[in-house]
Amino acid sequence: MMQRRVMTMKLVCGVACGVAGVLFVGACGGPARQESTALRDFNQERAASLDRAMALADQAQSAQREGKNAEAIVLYEQSIAARADIASVWHNYGVVLMLENDYVRAADAFRTAADLAPTDPRAYENLGLIYLERGFHEDALRYYGMALARDGNYLPALRGAVASAKALLRSDEQIAEWIRRGLLQESDPRWLEIFQSQRIRVEGELRDRERDRDRRG
């Protein structure tokens, strides 16, 4: 079984959290001025809701660091109620749910985080970990592959993908490439042994298939 590894995301305001910047538009005259006032009020409310959401998320992270996971869950939910478009909040909410073994809600939270941060591999990597820990190796391999489609050198996802392939006895060129990428980065002796053993297995099976094709002509 793969050792559990989950990572919270640092809370940062702005685009990094999946939040659009505030837009101010100046105008003069009757209807245009009314529209400008309405837009200003809208932007001010969005800024205020972002402040509330980030303050609640900071409290949630503090509670989580202290091991108060139930309190952290409530605070993350309040943060999401204030603003539901902050990827890091959804991701960290999924992490604490996962730590409480609430896998269904954790998976939903990670999927939302992945949608809100379309270049970040971490939410899909944690989805892979959920399915790997529960023994759903095909699903785990699929989500690790989705994480690696976003960042092909993300080591936690490389580890998970190779562990899933090992459990499935799966071997193909994509898995061989993930093994190579993992071996170029890995420094943990235990994982080095796993990558090396899987390299022997996968490359051996690929050679055997190629010989079989050659014999069949």
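Data block above holds the structure.
Here the structure is a predicted model, which is why all the values come from computation and not from measurement. (Residues numbered from 1 in each chain as written. Predicted model: local features only at pLDDT ≥ 70, side-chain atom pairs only at ≥ 80, totals over all residues. Heavy atoms only, no water.)

**Q** Any chance you could break down the overall build of the protein chain for me, citing the residues and the numbers?
**A** Within the protein chain, the regular secondary structure consists of nine helices and zero strands. When the helices and strands of the protein chain are read in sequence order from the N terminus, they spell out α-α-α-α-α-α-α-α-α. A buried classification covers 43% of the 217 residues belonging to the protein chain. Within the protein chain, contacts between residues separated by at least 24 positions form 62% of all contacts whose residues are at least 6 apart in sequence. (Helix = DSSP H or I, 4+ residues; strand = E, 2+ residues; numbered from the N terminus. Buried < 20%, exposed > 50% of the residue type's maximum accessible area, 1.4 Å probe, protein only. Contact = heavy atoms within 4.5 Å.)

**Q** I'd like a description of unusual backbone geometry, backed by residues and values.
**A** Unusually for a residue other than glycine, asparagine 101 sits at a positive phi of about 65°. Looking at the element boundaries, asparagine 101 is found in the loop between helix H3 (87-99) and helix H4 (103-116). The residue leucine 169 is not glycine, and still its phi comes out positive at about 55°. Positionally, leucine 169 belongs in the loop between helix H7 (155-168) and helix H8 (173-185).

**Q** Could you give me a rundown of helix H6 (residues 137-150), with the residues and numbers involved?
**A** Taking 1.5 Å of rise per residue, the 14 residues of H6 would be expected to cover 20 Å, and the 20 Å separating its terminal C-alpha atoms lies within 8% of that figure. Residues of H6 that are buried include every one of Ala140, Leu141, Tyr143, Tyr144, Gly145, Ala147 and Leu148, and no others. In this structure, the buried residues of H6 make contact with H4, helix H5 (122-133), H7 and H8. (Expected span 1.5 Å × (residues − 1).)

**Q** Break down the pattern of salt bridges for me, with residues and values.
**A** Taken as a whole and assessed by the stated rule, the structure comprises 16 salt bridges. Of the charged contacts in the structure, one is a salt bridge between glutamate 66 and lysine 68, with a shortest N-O distance of 3.1 Å. Residue glutamate 66 is classed as exposed on the basis of its relative accessible area, which comes to 54%. In this structure, aspartate 208 and arginine 211 form a salt bridge, with 2.2 Å as the shortest nitrogen-oxygen distance. Here arginine 211 and aspartate 208 lie together in helix H9 (residues 189-216), a separation of three residues that amounts to about one turn. (Salt bridge = Lys/Arg side-chain N within 4 Å of Asp/Glu carboxyl O.)

**Q** Summarise H4; cite the residues concerned and give the values.
**A** The terminal C-alpha atoms of H4, which comprises 14 residues, lie 20 Å apart, in line with the 20 Å expected from a rise of 1.5 Å per residue. Those residues of H4 not exposed but buried are Tyr103, Ala106, Ala107, Ala109, Phe110, Ala113 and Ala114. With its buried residues spanning 165° around the axis, H4 presents them on a single face. Opposite the packed face of H4, turned more than 90 degrees from it, sit the exposed residues Val104 and Asp115. Against the buried residues of H4 lie H3, H5 and H6. (Arc of directions from axis to C-beta.)

**Q** Let's hear about the environment of asparagine 153: which residues, and what values?
**A** Relative to the elements of secondary structure, asparagine 153 occurs in the loop between H6 and H7. Relative accessible area serves as the criterion here: at 41%, asparagine 153 is assigned to the partly exposed category. When the C-alpha atoms of asparagine 153 and leucine 184 are compared, they prove to be 9.5 Å apart, with 31 residues separating the residues in sequence. In this structure asparagine 153 touches Leu158, Arg181 and Gln185, once residues within four positions along its chain are discounted.

**Q** Can you explain the nonpolar core? Please cite residues and give values.
**A** Ranked by internal contacts, the top residues of the largest apolar core, which has 57 residues, are Tyr93, Phe110 and Trp178. Those residues within four positions of tryptophan 178 in sequence are excluded, and the remaining contacts are Leu141, Gly145, Leu148, Leu158, Ala161, Val162 and Phe195. (Core = buried A, V, L, I, M, F, W, Y, C linked by side-chain atoms within 4.5 Å.)

**Q** Break down the packing of aromatic side chains for me, with residues and values.
**A** Following the criterion strictly, the structure yields five aromatic pairs and no others. Plain terms: the ring middles of tyrosine 131 and phenylalanine 136 are 6.2 Å apart, the flat faces sit at 80° to each other, and that makes the pair edge-to-face. Between tyrosine 131 and tyrosine 143, the ring centres sit 5.5 Å apart and the planes meet at 15°, which makes this aromatic pair stacked. In this pair, tyrosine 131 sits in helix H5 while tyrosine 143 sits in helix H6, placing the two residues twelve residues apart along the sequence. Across the pair, exposure class does not vary: tyrosine 131 and tyrosine 143 are buried alike. Through pairs of rings, three or more aromatic residues link up here, namely Tyr124, Tyr131, Phe136 and Tyr143. (Phe/Tyr/Trp six-rings, centres within 6.5 Å; stacked < 30°, edge-to-face > 60°.)

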